[in-house]
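Topology and contacts: notes
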Amino acid sequence: MLIEVCGPDGAGKSTLVDGLRVRLRSSVRAYERIVRSESRNLLERVMLELGRPDAFSSREHELVVILDAIRQSHADLHVYRGSPHSHAFVTFYHCALLARLHERGLAADEALRHLLRSLPPPDLSLRLTVEPETALDRIRNRVKGDDVLSAPEPLARLRDRVHAYELAGRELPYEQVTLDSAQCPEQVAAQARALLVRPYAVLIGMPGAGKSTIGRLLADSLGLPFADSDQLVEERTGQTIPDLFAAEGEDAFRKLETEVIADALSAFNGVLALGGGAVVTDATRQALLSSAAPVVLLRASVASLHERVGDGAGRPLLAGDPRARLLELEAVREPYYRIVAGLTVDTDQRTPAQVAATVRMLLATNRRG
Ligand SMILES: Nc1ncnc2c1ncn2[C@@H]1O[C@H](COP(=O)(O)OP(=O)(O)OP(=O)(O)O)[C@@H](O)[C@H]1O
Ligand SMILES: O=C(O)C1=C[C@@H](O)[C@@H](O)[C@H](O)C1
Ligand SMILES: [Mg+2]
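Everything quoted here is computed from the prediction, not taken from an experiment.

Brief notes about the site of ligand 2
The environment of ligand 2 is made up of Pro207, Asp230, Ile241, Phe253, Arg254, Glu257, Gly275, Gly276, Gly277, Pro316, Leu317 and Arg333. Aspartate 230 has a polar side-chain atom sitting 2.5 Å from an oxygen atom of ligand 2. In the environment of ligand 2, an oxygen atom lies 2.7 Å from a nitrogen or oxygen atom belonging to the side chain of arginine 254. Starting from 310 Å² of accessible surface for ligand 2 in isolation, the protein chains cover 92%. The element that contributes the greatest number of residues to the shell around ligand 2 is helix H12 (residues 250-267), accounting for 3 residues. For the shell around ligand 2, the class distribution of residues is 5 nonpolar, 3 polar and 4 charged.

The structure is reproduced here in structure tokens:
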């Protein structure tokens, strides 16, 4: 997958890319490739077509080298990686080129349009919006210098660039998502991540592990929606889980459960809790393993599980002797949980709020639980 991040100087492109890298480390592979310049690059061809050999500076040559790199890495990703989890991060992609062309009044030229159309569209295009004053402050405060600072009127120059990016964004032949870079870097990165990884997280674990409780708390704290596969099954059938088990049996329930989970994994943008036994179904394990969403296992001792589920009311598989049933189910399920989980969080001796905060922190920093 190719991600384009663009915006004027000081908008926070590199910060966003760094933040995304951290957040996506466990679910996707990140690539950033820069290839060496080749003598016959795209820009030279365009300059020839334009009859303006002096039209571009060496900085723009560099930009086109990056465009070449993107074309190559794109091909590589498709040809030999072929993985849906492969991401290439590219800042300053062809939106930047468009912006420069706008500055020079060259945007309308057919040769340039042709060049831009011939480049592969990114899978996700992000534009960071920023006030020129904020961008100038950031540029002044950072270690890396910027050519804007040597302009006679840096603020005016930044204003022009901000405007050029807006215009350039409108001309792109694909949709571009704008993110407000006035927010703190963590928020910007979290929003970008939410556009890439759906659902935000999937919670798995034994009955009583706290998937529904913690999932809801986590979703609320992130301002995201929450869904529970049990509830999705109930909504789809109009029956409660115990009624469904009684009327149709466990196999019919598992079939429905597998369907609602597959749908949620491809479309739901929030925190998803799965029913305790969902991972026993092969198709669901496969779907979880090939999803980019982080899978979080909530663990608890059988003693805690038993204390939390009580007599097992509303949980048909715990009927009879809940403690004995929990022990049996755990023995069968533990290996399956381990196969699909990327993170494991222990919930014994911790309140739901503490567990939710731990999961949130681990997901933001991609540390192991
Ligand atoms: N860390 C915790 N400490 C104490 N009680 C908890 C904790 N987590 C959840 N609980 C309580 O345990 C009970 C079961 O939790 P919950 O329904 O969230 O489990 P679940 O994993 O969704 O179970 P199921 O697989 O049956 O859907 C609830 O009453 C909840 O308030
Ligand atoms: O552990 C299980 O197999 C189940 C857990 C619940 O969430 C429900 O999905 C259903 O009661 C089955
Ligand atoms: Mg639940």
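Describing the environment of glycine 342
With respect to the element layout, glycine 342 can be found in the loop between helix H15 (322-340) and strand S10 (343-346). Between the C-alpha atom of glycine 342 and that of valine 296, which follows or precedes it by 46 residues, the distance is 6.1 Å.

Overview of the confidence of the model for the protein
For the protein, the mean per-residue pLDDT works out to 81, and 73% of the residues sit at or above 70. Taken as a whole, residues 27-40 scores under 50 in pLDDT and shows 35 contacts with residues more than four places along the chain or in a different chain. Here residues 74-86 is a poorly scored stretch, pLDDT under 50, and it has 26 contacts once near neighbours within four places are set aside; other chains count.

Looking at the site of ligand 1
Around ligand 1, the surrounding shell holds 16 residues, and the nearest of these are Lys211, Ser212, Thr213, Arg315 and Arg350. Within the contact set of ligand 1, an oxygen atom lies 2.5 Å away from a side-chain nitrogen or oxygen of threonine 213. Between ligand 1 and the protein, one listed contact pairs a nitrogen atom with a backbone N or O atom of arginine 350 at 2.7 Å. For ligand 1, the accessible surface in isolation is 640 Å², of which the surrounding protein chains cover 74%.

Focus: the pattern of salt bridges
Scanning all chains against the criterion turns up 12 salt bridges. A salt bridge links arginine 161 to aspartate 9, with the shortest nitrogen-to-oxygen separation between them at 2.7 Å. Taken together, the residues span a long stretch of sequence, with arginine 161 in helix H7 (residues 154-171) and aspartate 9 in the loop between strand S1 (2-6) and helix H1 (13-24) at a distance of 152 residues. Accessibility assignment for this pair places arginine 161 and aspartate 9 in one class, buried. Three or more residues are tied together by salt bridges with common partners; here these are Arg236, Lys255, Glu259 and Asp263.

Points about the UniProt feature "binding site: Mg(2+)" (unreviewed entry) in the protein
When the UniProt feature table is mapped onto this chain, "binding site: Mg(2+)" (unreviewed entry) is found at Ser212. Looking at the element boundaries, serine 212 is found in helix H9 (residues 211-222). Here serine 212 is in contact with Phe226, Asp228 and Ala273, once residues within four sequence places are set aside.

Describing the packing of aromatic side chains
The full count for this structure, using the stated rule, is 1 aromatic pair. For the ring pair phenylalanine 245 and phenylalanine 253, a centre distance of 4.9 Å and an interplane angle of 40 degrees mean the geometry is tilted. Assessed through its relative accessible area of 15%, phenylalanine 245 is described here as buried. Phenylalanine 253 sits in the buried class, given a relative accessible area of 3%. Over the aromatic face of tyrosine 200 sits the side chain of arginine 193, whose NZ or CZ is 4.2 Å from the ring centroid.

Concerning the side chain of serine 229
Take serine 229: it is sitting in helix H10 (residues 229-237). In this structure serine 229 comes out as buried when scored by relative accessible area, which is 1%. Here serine 229 is in contact with Glu257, Val260, Ile261, Ala273, Leu274 and Gly275, once residues within four sequence places are set aside.

Description of the UniProt feature "binding site: ATP" (unreviewed entry) in the protein
When the UniProt feature table is mapped onto this chain, "binding site: ATP" (unreviewed entry) is found at Gly208, Ala209, Gly210, Lys211, Ser212, Thr213, Arg315 and Arg350. With respect to the helices and strands, glycine 208 occurs in the loop between strand S6 (201-204) and H9. Contact partners of glycine 208, with chain neighbours within four places excluded, come to Leu305, Arg308, Val309 and Arg315. If you trace the backbone, alanine 209 turns up in the loop between S6 and H9.

Describing helix H13 (residues 282-289)
Those residues of H13 that sit buried are Thr284, Arg285 and Leu288. When H13 is viewed along its axis, its buried side chains cluster within an angular range of 100 degrees and face the same direction. Turned more than 90 degrees away from the buried face of H13 sit Asp282 and Gln286, all of them exposed.

Considering the nonpolar core
Counting 77 residues, the largest nonpolar core has Leu16, Val202, Ile204 and Leu298 as its most contacted members. In terms of residue count, H12 provides more of this core than any other element does, 6 residues in total. Both of domain 1 (2-196) and domain 2 (201-365) provide at least three residues apiece to this core. Not counting the four nearest positions on each side in its chain, leucine 298 is found in contact with Leu203, Ile204, Gly205, Met206, Ala209, Gly210, Lys211, Ile214, Val345, Thr347, Val355 and Val359. Grouped together as the second largest cluster of nonpolar side chains are 8 residues, Cys6, Ala99, Ala164 and Ala168 included.

With respect to the sheet that holds S10
As a general point, the strands of a sheet are linked pairwise by backbone hydrogen bonds and lie either parallel or antiparallel. The strand order across the open sheet built from 5 strands is S7-S8-S6-S9-S10, with neighbouring strands paired in parallel fashion. Of all the strands in the sheet, the pair left with one neighbour each is strand S7 (226-228) and S10. Averaged over all pairs of adjacent strands, the angle between strand axes in this sheet comes to 25 degrees, irrespective of strand direction. Where S7 meets strand S8 (residues 271-273), 3 bridges bridge the pair, whose relative direction is parallel. Within S8, the position partnered with aspartate 228 by the bridge is alanine 273.

Scoring rules and cut-offs
Residues numbered from 1 in each chain as written. Chains lettered and ligands numbered in written order. Predicted model: local features only at pLDDT ≥ 70, side-chain atom pairs only at ≥ 80, totals over all residues. Heavy atoms only, no water. Near = heavy atom within 4 Å. Polar contact = N/O pair within 3.5 Å; in protein donor to acceptor, adjacent residues only side chain to side chain. Areas by Shrake-Rupley, 256 points an atom, 1.4 Å probe, with all protein chains shown as cover. Helix = DSSP H or I, 4+ residues; strand = E, 2+ residues; numbered from the N terminus. Nonpolar A, V, L, I, M, F, W, Y, C, P; charged D, E, K, R; others polar. pLDDT = per-residue confidence, 0-100. Contact = heavy atoms within 4.5 Å. Salt bridge = Lys/Arg side-chain N within 4 Å of Asp/Glu carboxyl O. Buried < 20%, exposed > 50% of the residue type's maximum accessible area, 1.4 Å probe, protein only. UniProt positions renumbered as here; feature names shortened; annotations may be inferred. Phe/Tyr/Trp six-rings, centres within 6.5 Å; stacked < 30°, edge-to-face > 60°. Lys NZ or Arg CZ within 6 Å of the ring centre and 35° of its normal. Arc of directions from axis to C-beta. Core = buried A, V, L, I, M, F, W, Y, C linked by side-chain atoms within 4.5 Å. Domains from an automatic or database assignment. Pairing = 2+ DSSP bridges. Axes fitted to C-alpha atoms, helices over the stretch in contact; angles between N-to-C directions.

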